[in-house]
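# Report on the structure
Here is what each chain is made of, one letter per residue.
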Amino acid sequence: MGDETTARRKDAHLDLCATGDVEPAQNSTLLEHVHLIHCAMPEMAADEVELSTPFMGKSLRAPLLVTGMTGGTERAGVVNRDLALLAERHGLAFGVGSQRAMAEDTSRTASYAVRDVAPTVALIGNIGLYQAIGLGVDGVRRLSDAIGADGMALHLNAGQELTQPEGDRDFRGGYRVVEELARAFGDRLLVKETGCGIGPDVARRLVELGVRNVDVSGLGGTSWVRVEQLRAKGPQAQVGAEFSGWGIPTAAAIASVRGAVGPEVRLVASGGVRGGLECAKVLALGADLAGMALPLFRAQQQGGLAGAEEALKVILTALRQALVLTGSRNVAQLRQRPRVVSGALKDWLAAL
């Protein structure tokens, strides 16, 4: 697939995510079925809340990853630099979008280059599993080194690819590549889904192969199947419409995967996490970090860097408030607090 085709697709993705119906109303993270218990006497001050957490060799000031979304065009480069600068200011982790465009055309590297504005941020590169098969370990390492990344995300997106007009159709050989990359990158490798979720069986297999960081990226937020459905035509668009609600809801994915892999694996919960209270819920369910992109991207599109900063401040303030109102000084205490899991989430967890 030519590099211009990839670049045009990246800008089309940005257009759809900025204004399009990419979050189908029927999809749910099931986080509405997680109820944190109010503590009427927290016996603490708000500034006692401690949110720092280690990730990819860095110490984050808050357990939040601005998840990889874009790259490959001038417009995408502006988004990456604004959101990376935001992550730098607030001590968060930041991921670039798929570096496929850069792999096809090295002149597009600048759209992923953020180190000059974010010199200390925990920076995560990004490539798709089936592009990694073609690139090999050395090719993936070159992508990471070219942007000075602290870690590399390997994204899984079979649902998106099957709906994408130019997408892959052959998904063999994936675990072999995961094993090779886990051996090469060690705990600097993050394996992530892209909105359809990772379940406990796949998570266990990934961990057996040496993966130590997993982003479950569940159903309930941006549906990349829906994004590709909106780009497709004819029967492909019709099939995409059927599958735009396909996946494991984020709450079910994070709780079941944590139970499957134990405490040593670092888990990111992304996929429809939109506010600070939802960040607190996924942390309570077992995530080490919450991940989000769309709320900050849309705020940046509407109000530039200042708009994104205001949106982030609301998210971080709400996260801290959730800890105070559960009587939790840190995330470890939050996980020990009682909570209620109700409705469809109970059914999902029983099945998984």
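The residue numbers shown here count from 1 along each chain, following its written sequence. Thresholds applied to this predicted model are a pLDDT of at least 70 for local features of residues and 80 or more for the giving and counting of side-chain atom pairs; totals over whole chains, interfaces and linings are not thresholded and use all residues. Only hydrogens and water are set aside when side-chain values are computed; all heavy atoms of the structure are taken into account.

- By the naming in an unreviewed UniProt entry, the protein is Isopentenyl-diphosphate delta-isomerase, taken from Corallococcus praedator.
- The record in UniProt for the protein states the following under Subunit (unreviewed entry): "Homooctamer. Dimer of tetramers."
- UniProt positions are given in the numbering used here, feature names are shortened, and annotations may be inferred rather than shown by experiment. For the record of the protein, the UniProt heading Function (unreviewed entry) holds the text "Involved in the biosynthesis of isoprenoids. Catalyzes the 1,3-allylic rearrangement of the homoallylic substrate isopentenyl (IPP) to its allylic isomer, dimethylallyl diphosphate (DMAPP)."

## A word on the packing of helix α2 (residues 74-90) against helix α12 (residues 294-325)
- Only the contacting stretch of a helix is used when fitting its axis, a line to C-alpha atoms as for every element, and angles between N-to-C directions run 0 to 180 degrees. Labels follow the DSSP assignment, with helices taken as runs of H or I lasting at least four residues and strands as runs of E lasting at least two, numbered in each case from the N terminus. It is the contact of α2 with α12, at a shortest axis distance of 11 Å, that shows an interaxial angle of 20°. Between α2 and α12, the interaxial angle falls into the category roughly parallel. Once α2 is placed against α12, the crossing between them reads as right-handed. Residue-level inspection shows R75, V78, V79, D82, L83, L85, L86, R89 and H90 of α2 in contact with α12, the latter providing L296, F297, Q300, Q301, L305, A308, E309, L312, K313 and L316.
- Of the residues in the contact of α2 with α12, the class split is 11 nonpolar, 3 polar and 5 charged. Should an angle lie under 35 degrees it is considered roughly parallel, over 145 roughly antiparallel, and from 65 to 115 roughly perpendicular; all remaining angles are considered oblique. Helix crossings are classified by the rotation of the near helix relative to the far one: an anticlockwise turn of less than a right angle makes the crossing left-handed, while a clockwise turn makes it right-handed. Contacts are residue-level and defined by heavy atoms, with any inter-residue pair within 4.5 Å sufficient. Under this grouping Gly is polar, as are all residues other than the nonpolar Ala, Val, Leu, Ile, Met, Phe, Trp, Tyr, Cys and Pro and the charged Asp, Glu, Lys and Arg.

## Section: the nonpolar core
- Buried Ala, Val, Leu, Ile, Met, Phe, Trp, Tyr and Cys residues form a nonpolar core when they are joined through side-chain atoms within 4.5 Å. Accessible area is worked out with a 1.4 Å probe on protein chains only. A residue is then buried under 20% of its type maximum, exposed over 50%, and partly exposed in between. Ranked by size, the top nonpolar core spans 90 residues in total, and within it F94 and L154 carry the most contacts.
- With residues near it in sequence (within four places) discarded, L154 still touches I127, G128, L129, A132, V178, L181, L189, L190, V191 and K192.
- F55, M56, L65 and A93 belong to the second largest nonpolar core, which has 11 residues in total.

## Here's the deal with the packing of aromatic side chains
- Centres within 6.5 Å are what make two rings of Phe, Tyr or Trp a pair, Trp counting through its six-membered ring; a difference in plane orientation under 30 degrees is then read as stacked, over 60 as edge-to-face, and the rest as tilted. Scanning the model with the defined rule gives 2 aromatic pairs in all.
- Ring geometry for Y130 and F171: centres 5.3 Å apart, planes at 70°, overall edge-to-face. Placement of Y130 in helix α4 (residues 129-146) and of F171 in the loop between α5 (158-163) and α6 (174-185) is noted, with a sequence separation of 41 residues between them.
- Of the residues examined, F171 reaches a relative accessible area of 25% and is grouped as partly exposed.
- Taking 5.5 Å as the distance between ring centres and 55° as the angle between the ring planes, the aromatic pair formed by F243 and W246 counts as tilted.
- Sitting over the ring of F185, R141 keeps its end group 6.0 Å from the ring centre.
- Each ring is checked for a lysine NZ or an arginine CZ that lies within 6 Å of its centre and within 35 degrees of its normal; such an atom marks a charge sitting over the ring. A cation over an aromatic ring shows up here: R205 above the ring of Y175, its NZ or CZ 5.3 Å from the ring centre.

## Looking at the pairing of strand β7 (residues 151-155)
- Buried residues dominate β7, accounting for 5 of its 5 residues.
- Here β7 shows no split at all, with G151, A153 and H155 on one side and M152 and L154 on the other all buried.
- At least two bridges found by DSSP between two strands are what make those strands a pair. Across 5 bridges, strand β6 (residues 122-128) lies against β7 in parallel orientation. The residue bridging G128 from the neighbouring strand is H155, located in β7.
- Handedness of the crossover joining β6 and β7 through α4 is recorded here as right-handed.
- In the sheet, β7 pairs with strand β8 (residues 189-192) via 4 bridges, with the strands oriented parallel. From the neighbouring strand, H155 faces β8, where its bridge partner is K192. Clockwise travel from the first strand over the helix to the second, with the strands pointing away from the viewer, marks a crossover as right-handed.

## Some words on the side chain of E193
- Tracing the backbone through its elements, the reader meets E193 in the loop between β8 and α7 (200-208).
- Two residue types count as positive, namely Lys and Arg, and two as negative, namely Asp and Glu; His and chain ends fall outside the count. Any Lys or Arg side-chain nitrogen found within 4 Å of a carboxyl oxygen on Asp or Glu counts as a salt bridge. Of the side chains with opposite charge, K192 comes closest to the buried, unpaired E193, at an N-O distance of 7.6 Å.
- Pairing of N or O atoms within 3.5 Å defines a polar contact, subject to two protein rules: one partner must be a possible hydrogen donor and the other a possible acceptor, and residues neighboring in sequence count only if both atoms are side-chain atoms. Only 3.5 Å separates the side chain of E193 from the side chain of T194, close enough to count as a polar contact.
- In terms of polar contacts, E193 uses its side chain to reach the backbone amide nitrogen of G195, at 3.5 Å.
- Those residues in contact with E193 that lie beyond four places of it in its chain are L156, I198, D215, V216 and S217.

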